[in-house]
Amino acid sequence: MSSCVRHLIAAVIIGLSAISPVTANAGMSEEEVKEYKGFLAKAEKGDMESQYLVGVCFSSGQGVQKDESRSIEWYTKSAAQGFKEAQYAIGLRHAMGIGTVKDGFQAANWFHKAAEQGHALSGFNLGLCYTKGFGVTRDSTQATRWLRKAVADGLPLENLINSAEHDIAEVQLELGICYLTGAGAAKDPKKGVFWIERAAQQGRSEAENELGLCHQTGNGVTVDSVKAAYWYGKAAEKGHPNAQYNMGLLFKTGEGVEQNLAVAASWWRKAANRDHPQAQYNLGLCYARGVGMAYDAKEAFYWFKRAAELGLPEAQNGVAFLYATGQGVPKNVIEAYAYYNLSGLEQEVTQTNLAKLKSEMTAEQINSGINRFTELRKEIEAKKAAKKDGK
């Protein structure tokens, strides 16, 4: 048996006891038989919770002779109607091979259905499936996504601790973040760093970046910019965009490394190519100011616009300014008006620039700008939604 399956079974056994409202080895008293018959009567009329409870009775032998294949039958009826506890129960049985053949694909599928409804243990087990490729393609990003959702949905801390002690890096990272933030655990930054470092030592790039941040800010450890640069660098070399952005910041300020604006820009370029909006904006600023590279207004506009389309207000303001002044792009007061408004007008300089622009526009141009702002907002929201969906 693979270590993945052993760890998964260890986790789901805990969950199995959590979902059963009856004691597994209870005797078959008259009261229990009556209760089972009551559940059965409602289940046969299509009540999904009662169908699930009939499944529990067959699984535990309470009120009826134990029969795992019959429990699967009733769980399936309930799960088909969307009852998340039944979906979880089927997932467990496919993961453990109880009452049915062991099937990682089916286990992950049912865990997914229940997790989408906020079932914490299902989200946790789905995350474990992704850590080792049990029934799904191995994917650390998806593992972290579902583990994080499980914590948000109220996952008991002991589930994380048990798997973290089995050196599952994604779980160690999530447990560390729980301790760092106090979400899902009593806040304890030192414990947080301990678990994050355990994950980082296994080469998990997100953990390396998080550990770098801890050393940079002194969260759970003494501030150490050199160690911050070391861990950011390890994650950045693996292509982690936040770490690449952070390396750029260190080279800009000279924290933990020798200050070098050209190197800072090179790290921001790497993160920008991975759609990191703040890195795209910073790279645009480098081109706009000739810092770390030659001045190039067209490149500045290109990177500002990439970041603006991802919803970054300061980049939207930058695009507006370049449209208004005709730098790097043909002057277009209507686009400038739309982008200034899109940025939210929170900065005083933006308000000043917009006021100056409006004084140079006709009423017709302003109306066109208002219409363009509405269109632009819809366009950007659609692009952000498509990116979120992975399209």
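Let us look at the structure shown here. (Residues numbered from 1 in each chain as written. Predicted model: local features only at pLDDT ≥ 70, side-chain atom pairs only at ≥ 80, totals over all residues. Heavy atoms only, no water.)

Let's shift gears to the overall build of the protein. In terms of helices and strands, the protein carries 21 helices and zero strands. Expected size for 391 residues packed as a compact globule is a radius of gyration near 21 Å; at 28 Å, the protein overshoots this value by more than 25%. Each principal axis of the C-alpha distribution contributes one length, and for the protein these read about 85 × 55 × 35 Å. By residue count, 48% of the 391 residues in the protein fall in the buried class. Nonlocal contacts in the protein, meaning residues at least 24 apart in sequence, comprise 53% of its contacts between residues at least 6 apart. With 44 positive and 43 negative side-chain charges, the protein shows a separation of 3 Å between the mean positions of the two kinds. (Helix = DSSP H or I, 4+ residues; strand = E, 2+ residues; numbered from the N terminus. Rg over C-alpha atoms; globule rule 2.2 N^0.38 Å. Buried < 20%, exposed > 50% of the residue type's maximum accessible area, 1.4 Å probe, protein only. Contact = heavy atoms within 4.5 Å. Lys, Arg positive; Asp, Glu negative; His and termini not counted. Charge placed at Lys NZ, Arg CZ, Asp CG, Glu CD.)

What follows is about helix α8 (residues 140–152). In a regular helix each residue adds 1.5 Å, so 13 residues correspond to 18 Å; α8 covers 18 Å between its end C-alpha atoms and thus fits that length. Residues Ala143, Thr144, Trp146, Leu147, Ala150 and Val151 constitute the buried set of α8. Buried-residue contacts for α8 involve α6 (104–116), α7 (120–132), α9 (157–164), α10 (169–181) and α12 (205–217). The N-terminus of α8 is capped by aspartate 139, whose side-chain oxygen sits 3.0 Å from the backbone nitrogen of threonine 141. Following α8 by one or two positions, glycine 154 has its phi on the positive side, about 100°. (Expected span 1.5 Å × (residues − 1). Polar contact = N/O pair within 3.5 Å; in protein donor to acceptor, adjacent residues only side chain to side chain.)

Right, let's get into the packing of helix α19 (residues 333–342) against helix α21 (residues 363–388). Where α19 meets α21, the closest approach of the two axes is 8 Å, and the angle between their N-to-C directions is 55°. Taken together, the axes of α19 and α21 lie oblique to each other. Judged by the twist between their axes, the crossing of α19 over α21 is right-handed. Packed against α19, whose contacting residues are Val333, Ile334, Glu335, Tyr337, Ala338, Tyr339, Asn341 and Leu342, the element α21 presents Gln365, Ile366, Ser368, Gly369, Ile370, Arg372, Phe373, Leu376, Arg377 and Ile380 at the interface. Each residue belonging to the contact of α19 with α21 can be placed in one class, and the counts come to 11 nonpolar, four polar and three charged. (Axes fitted to C-alpha atoms, helices over the stretch in contact; angles between N-to-C directions. Parallel < 35°, antiparallel > 145°, perpendicular 65-115°, else oblique. Left-handed = near helix turned anticlockwise from the far one by under 90°. Nonpolar A, V, L, I, M, F, W, Y, C, P; charged D, E, K, R; others polar.)

What follows deals with α21. Its 26 residues place the ends of α21 38 Å apart at the C-alpha level, agreeing with the 38 Å of an ideal helix rising 1.5 Å per residue. What α21 keeps buried is the set Ile366, Gly369, Arg372, Phe373, Leu376 and Ile380. In this structure, the buried residues of α21 make contact with α17 (297–309), α18 (313–325), α19 and α20 (348–359).

The next subject is the layout of surface pockets. In this approach the atoms are scanned with a rolling probe the size of a water molecule, which exposes any empty space left behind. Here the largest pocket is characterised by a volume of approximately 430 Å³. As for the largest pocket, its lining consists of 21 residues, and the residues nearest its centre are Ser140, Thr141, Arg204, Ser205 and Glu206. Contributions of two or more residues to the lining of the largest pocket are made by α7, α8, α10 and α12. Ranked by residues supplied to the lining of the largest pocket, first place goes to α8 with five residues. Taken together, the residues of the lining of the largest pocket sort by class into three nonpolar, nine polar and nine charged. Computed from the structure, the second largest pocket encloses a volume of approximately 360 Å³. Lining the second largest pocket we find His240, Pro241, Asn242, Arg274, Asp275, His276, Lys387 and Lys388. Considered class by class, the residues forming the lining of the second largest pocket number one nonpolar, three polar and four charged. (1 Å grid on protein atoms, 1.4 Å probe; cavity = no way out; pocket = protein on both sides within 12 Å on 5 of 7 lines; lining within 4 Å. Points joined across faces, edges and corners; volume = space filled by probe spheres on them.)

Applying the stated criterion to the full structure yields 10 aromatic pairs. Taken together, a centroid distance of 5.8 Å and an interplanar angle of 85° make the contact between tyrosine 36 and phenylalanine 58 edge-to-face. Separated by 22 residues along the polypeptide, tyrosine 36 in helix α2 (residues 30–44) and phenylalanine 58 in helix α3 (residues 48–60) bring together distant segments of the chain. We classify tyrosine 36 as buried; its relative accessible area is 11%. When its relative accessible area of 4% is taken as the criterion, phenylalanine 58 is described as buried. Members of the aromatic cluster, connected to one another through ring pairs, are Tyr52, Tyr75 and Phe83. Sitting above the plane of the tryptophan 74 ring, lysine 77 keeps its charged end 4.2 Å from the centroid. It is lysine 113 that lies over the ring of tryptophan 110; its NZ or CZ is 5.8 Å from the centre. (Phe/Tyr/Trp six-rings, centres within 6.5 Å; stacked < 30°, edge-to-face > 60°. Lys NZ or Arg CZ within 6 Å of the ring centre and 35° of its normal.)

Moving on to the side chain of glutamate 174. By the element assignment, glutamate 174 lies in helix α10. Beyond its immediate stretch of four places on either side in the chain, glutamate 174 contacts Thr144, Leu147, Arg148 and Val151.

Turning to its location among the elements, serine 368 is positioned in helix α21. The exposure class assigned to serine 368 is partly exposed, which follows from its relative accessible area of 29%.

This part takes up the nonpolar core. With 52 residues, the main nonpolar core has Met247, Tyr281, Leu283, Val319, Tyr323, Tyr339 and Leu357 as its most contacted residues. Among the elements that line this core, the one with the most residues is α19, at seven residues. Other than its neighbours up to four places away in sequence, tyrosine 339 contacts Lys305, Ala308, Gln316, Val319, Ala320, Tyr323 and Leu376. Counting residues in hydrophobic clusters, the runner-up holds 33 residues, among them Tyr88, Ala108, Tyr179 and Ala185. (Core = buried A, V, L, I, M, F, W, Y, C linked by side-chain atoms within 4.5 Å.)

In contact at an axis separation of 8 Å, helix α14 (residues 241–253) and helix α15 (residues 261–272) are set at 165° when each is read in the N-to-C sense. The orientation of α14 with respect to α15, classified from their angle, is roughly antiparallel. Crossing angle aside, the handedness with which α14 passes α15 is left-handed. Residue-level contacts link Pro241, Gln244, Tyr245, Met247, Gly248, Leu249, Phe251 and Lys252 of α14 to Leu261, Val263, Ala264, Trp267, Trp268, Lys270 and Ala271 of α15. The residue makeup of the contact of α14 with α15, split by class, is 11 nonpolar, two polar and two charged.

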